[in-house]
Amino acid sequence: MSSSLAISPSPAQLRQAIRRGEWNKETSGLAPGFVQVNLVILPASNASDFHRFCQNNPKPCPLIAISEVGNPHVTALGADLDIRADVPRYRVFQHGELVAEPNDIQDIWRDDLVTFAIGCSFTFEHSLMENGIAIRHIEQGRNVSMYRTTIPTTPAGNFQGPLVVSMRPMKAADAIRAIQITSRFPGVHGAPVHIGDPALIGIKDLAQPDYGDAVDVLPDELPVFWACGVTPQAALAKARPALCISHAPGHMLLTDLRNCDYSIL
């Protein structure tokens with residue numbers, strides 16, 4: 001697969017290309033009309049507390065699916081889907097420390113692992129673009145900007161930490177329309193959590209994101225912030241489970257689920 005996709009392949013075709021090592025970059029803008037998800041993979045001994053953490057924090061952690069213990073094939077997300085190889089880049093944590101960023105995890109997969117698929121804001125970006133709202137990080141060929149905030153999440157067991165947000169700059173009229181559009185997608189983060197002054201939610205410098213890439217914010221634009229599925233990675237850093245595997249920020253799992261199935265209108 002070329003580094004620039006002139007024709008949009010299906011999610012299954014994209015997963016096959018990722019599995020073959022032909023695509024290892026961010027997935028924003030890929031597979032229009034289909035749901036992308038964040039991943040958290042944990043030993044079964046940690047799964048119950050993390051499940052409660054997601055239930056306590058549905059805005060940043062909207063659960064799409066949970067696997068059976070040890071099963072890397074989550075057919076609810078895609079018939080041929082393989083959690084071990086279908087993400088462009090993973091992150092592997094041991095006791096809260098990042099130890100590797102591989103392109104597949106087949107060699108470290110275990111039969112006690114549970115996969116959590118969490119909704120991703122890349123899903124509603126297509127609806128924004130269909131309504132004429134430009135997405136700056138897609139225009140600039142960058143990963144979305146993501147920031148830790150001072151907004152706390154609701155703890156569950158050892159899982160706790162700050163809310164992480166993604167940011168998209170927009171003109172005021174587009175920001176109002178974006179609220180209307182994304183409110184229809186509560187299963188993939190829904191409406192923004194903040195608009196305007198980033199300092200009010202503890203962000204000191206938009207040019208220095210904690211995850212992803214900085215993007216241009218023009219003088220006539222407002223930064224618009226959505227709850228982000230990277231939030232669990234901040235909680236996992238505090239919980240320090242013996243093993244955790246996630247997607248690398250911006251490198252999502254492409255599913256066969258359709259965006260329209262997650263719209264309430």
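The preceding data block contains the structure.
Treat the numbers as computed from the prediction; the structure is a model and nothing was measured.

Draft legend 1. Expanded view of the overall build of the chain. Counting secondary structure elements, the chain contains six helices and eleven strands. Since a compact globule built from 265 residues should have a radius of gyration of about 18 Å, the 17 Å found for the chain is in line with a globular shape. Across its three principal axes, the chain shows a C-alpha extent of roughly 50 × 40 × 35 Å. Each of the 265 residues in the chain was classed as buried or not, and the buried ones make up 53%. Sequence-distant contacts in the chain: of pairs separated by 6 or more residues, those separated by 24 or more amount to 77%. Carbon and sulfur atoms make up 49% of the accessible area of the chain, which amounts to about 10,900 Å² in all. When the 21 positive and 26 negative side-chain charges of the chain are each reduced to one mean point, those points stand 2 Å apart.

Draft legend 2. A look at the sheet that holds strand 8 (residues 194-195). Spatial ordering of the open sheet is given by 6-7-9-8, a layout of four strands whose pairing is antiparallel. Whereas interior strands pair on both sides, the edge strands pair on one side only; in this sheet they are strand 6 (145-152) and strand 8.

Draft legend 3. Fine view of the nonpolar core. In this structure, Leu 77, Ile 83, Ile 245 and Leu 253 are the most contacted members of the largest nonpolar core, which totals 21 residues. Sorting the residues of this core by element identifies strand 1 (34-43), strand 2 (63-66), strand 3 (90-94), strand 5 (113-119) and strand 11 (253-258) as the ones contributing at least two each. The biggest single contributor to this core is strand 1, with four residues. Apart from residues lying up to four places away in sequence, Leu 77 is in contact with Ile 64, Ala 65, Ala 117, Leu 253, Thr 255, Asp 256 and Leu 257. The next biggest cluster of nonpolar side chains, apart from the first, holds 17 residues, and it includes Phe 53, Val 114, Ile 118 and Ala 239.

Draft legend 4. Expanded view of the packing of aromatic side chains. The full count for this structure, using the stated rule, is six aromatic pairs. With centroids separated by 5.5 Å and ring planes inclined at 70 degrees, the aromatic side chains of Phe 50 and Phe 159 adopt a geometry described as edge-to-face. One end of the pair, Phe 50, is in helix 2 (residues 44-56); the other, Phe 159, is in the loop between strand 6 and strand 7 (162-170), and 109 residues separate them in sequence. For the pair formed by Phe 50 and Phe 159, the shared burial category is buried. Plain terms: the ring middles of Phe 124 and Trp 226 are 5.3 Å apart, the flat faces sit at 45 degrees to each other, and that makes the pair tilted. With Phe 124 in helix 3 (residues 122-130) and Trp 226 in strand 9 (residues 222-227), this residue pair connects regions lying 102 residues apart in the sequence. Since its relative accessible area comes to 0%, Phe 124 is described here as buried. Linked through ring pairs, Phe 50, Phe 53, Phe 116 and Phe 159 together constitute an aromatic cluster.

Draft legend 5. Examining the pattern of salt bridges more closely. With the rule as written, the count across this model stands at 14 salt bridges. For Asp 112, the salt bridge identified is with Arg 110, shortest N-O distance 3.0 Å. Each of Arg 15, Asp 80 and Asp 256 takes part in a single network of salt bridges with overlapping partners.

The rules behind the values
- Residues numbered from 1 in each chain as written.
- Predicted model: local features only at pLDDT ≥ 70, side-chain atom pairs only at ≥ 80, totals over all residues.
- Heavy atoms only, no water.
- Helix = DSSP H or I, 4+ residues; strand = E, 2+ residues; numbered from the N terminus.
- Rg over C-alpha atoms; globule rule 2.2 N^0.38 Å.
- Buried < 20%, exposed > 50% of the residue type's maximum accessible area, 1.4 Å probe, protein only.
- Contact = heavy atoms within 4.5 Å.
- Areas by Shrake-Rupley, 256 points an atom, 1.4 Å probe, with all protein chains shown as cover.
- Lys, Arg positive; Asp, Glu negative; His and termini not counted.
- Charge placed at Lys NZ, Arg CZ, Asp CG, Glu CD.
- Pairing = 2+ DSSP bridges.
- Core = buried A, V, L, I, M, F, W, Y, C linked by side-chain atoms within 4.5 Å.
- Phe/Tyr/Trp six-rings, centres within 6.5 Å; stacked < 30°, edge-to-face > 60°.
- Salt bridge = Lys/Arg side-chain N within 4 Å of Asp/Glu carboxyl O.

None of the figures reported here should be taken as evidence of function without further support.
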